[in-house]
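# Understanding the architecture of this molecule
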Amino acid sequence: MIFLRPAVGIIEAMGLTAAIQAADTAVKAADVQLLAYELSKGKGMVTVRFSGDVGAVTAALEAAVAAAREVSGVYASLVLPQPHEELDKLLYRHKKDSVD
């Protein structure tokens, strides 16, 4: 059996409020699971990561970007359809900002 790795969506929002709005919208828009959020060093950017199947992640990211833009803005967004296992160190790391 072939194991397909889940897709990962990443949104970098301008400010914590926009990031929270984006995360809330993402999980309501599609069947995705929040992985973590990360506060950037400077400029108030907040990155939110979530995973699921590629269709759900794409739909969730599109909704999250629209929601964050209503609050303040989005610096960048990305869907990784099947990230390489080496990226696990970055995408699934558990730290104080993890969503458990």
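Preceding this section is the structure that the text describes.
About the criteria used
Along each chain, residues carry numbers from 1 onward, in the same order as the chain's sequence is written. Selection of residues for local features in this predicted model requires a pLDDT of at least 70, selection of side-chain atom pairs for listing and counting requires 80 or more, and totals for whole chains, interfaces and linings are taken over all residues. Values reported for side chains reflect all heavy atoms of the structure, with hydrogen atoms and water molecules removed beforehand. Throughout this description, the term nonpolar core refers to a set of buried Ala, Val, Leu, Ile, Met, Phe, Trp, Tyr and Cys residues connected via side-chain atoms within 4.5 Å. Three labels apply to residues, based on accessible area from a 1.4 Å probe with only protein chains included: buried if under 20% of the type maximum, exposed if over 50%, partly exposed otherwise in between. Only DSSP runs of H or I with at least four residues qualify as helices, and only runs of E with at least two residues qualify as strands; both kinds are numbered from the N terminus onward. Should any heavy atoms of two residues lie within 4.5 Å, those residues are considered in contact. As a rule, the C-alpha atoms of each element are fitted with a line to give its axis, helices using only the stretch in contact, and angles between N-to-C directions run from 0 to 180 degrees. Orientation is classified from the angle alone, with under 35 degrees giving roughly parallel, over 145 giving roughly antiparallel, 65 to 115 giving roughly perpendicular, and any other angle giving oblique. Each helix crossing is assigned a hand: it is left-handed if the near helix lies turned anticlockwise from the far helix by less than a right angle, otherwise right-handed if that turn is clockwise. What makes two strands pair is DSSP finding at least two bridges between them. An expected span of 1.5 Å times one less than the residue number is assigned to each helix. Distance and chemistry together define a polar contact, namely a pair of N or O atoms within 3.5 Å, with one atom able to donate a hydrogen and the other to accept it when in protein, and with adjacent residues in sequence counting only for side-chain atoms on both sides.

## Some thoughts on the nonpolar core
Core analysis: the largest hydrophobic core is formed by 21 residues, its most contacted members being Ile11, Val32, Val48, Phe50, Ala60 and Ala68. For this core, the secondary-structure elements that each account for two or more residues are β1 (7–14), α1 (16–29), β3 (45–52) and α2 (54–71). For this core, the leading source of residues is α2, giving seven residues. Residues within four places of Ala60 in sequence aside, it is in contact with Ala26, Ala29, Ala30, Val32 and Phe50.

## Here's the deal with the packing of α1 against α2
For any two helices packed against each other, the geometry is given by the interaxial angle and the distance between the axes. Close contact between α1 and α2 brings their axes to 8 Å; oriented N to C, the two are set at 150°. Taken together, the axis directions place α1 and α2 in an arrangement best described as roughly antiparallel. The two elements α1 and α2 cross, and the hand of that crossing is right-handed. Residues Thr17, Ala18, Gln21, Ala22, Thr25, Ala26 and Ala29 of α1 form the contact with α2, whose own contacting residues are Ala60, Ala63, Ala64, Ala67, Ala68 and Val71.

## Description of the sheet that holds β3
Strand order in the open sheet formed by four strands is β2-β3-β1-β4, with antiparallel pairing between adjacent strands. Because the sheet does not close on itself, it has two edges, and the strands there are β2 (33–39) and β4 (74–80). The mean angle between the axes of side-by-side strands here comes to 15°, regardless of whether they run parallel or antiparallel. In this structure, β1 lies alongside β3, joined through eight bridges in antiparallel fashion. Its bridge partner being in β3, Ala7 is matched across the sheet by Gly52. The sheet contacts of α1 involve β1, β2 and β3, and relative to β3 the element is tilted by about 10°.

## Brief notes about the pairing of β3
Across the eight residues of β3, eight count as buried, placing the element largely inside the fold. Alternating residues of β3 divide into Met45, Thr47, Arg49 and Ser51 and Val46, Val48, Phe50 and Gly52, and every residue in both groups is buried. As paired elements, β2 and β3 share six bridges and run antiparallel to each other. Among the inter-strand pairings, Ala36 is bridged to a residue of β3, identified as Arg49. If you look at the hairpin formed by β2 and β3, you'll find five residues sitting between the two strands, and Gly42 has a positive phi there, around 90°.

## Overview of α2
Given a rise of 1.5 Å per residue, 18 residues ought to cover 26 Å, and the 26 Å separating the end C-alpha atoms of α2 matches this to within 8%. Of all the residues in α2, the buried ones are Ala56, Val57, Ala60, Leu61, Ala64, Val65, Ala67 and Ala68. Where α2 is buried, its residues meet β1, α1, β3 and β4. Where α2 begins, the side chain of Asp53 points an oxygen toward the backbone nitrogen of Gly55, at a separation of 3.0 Å.

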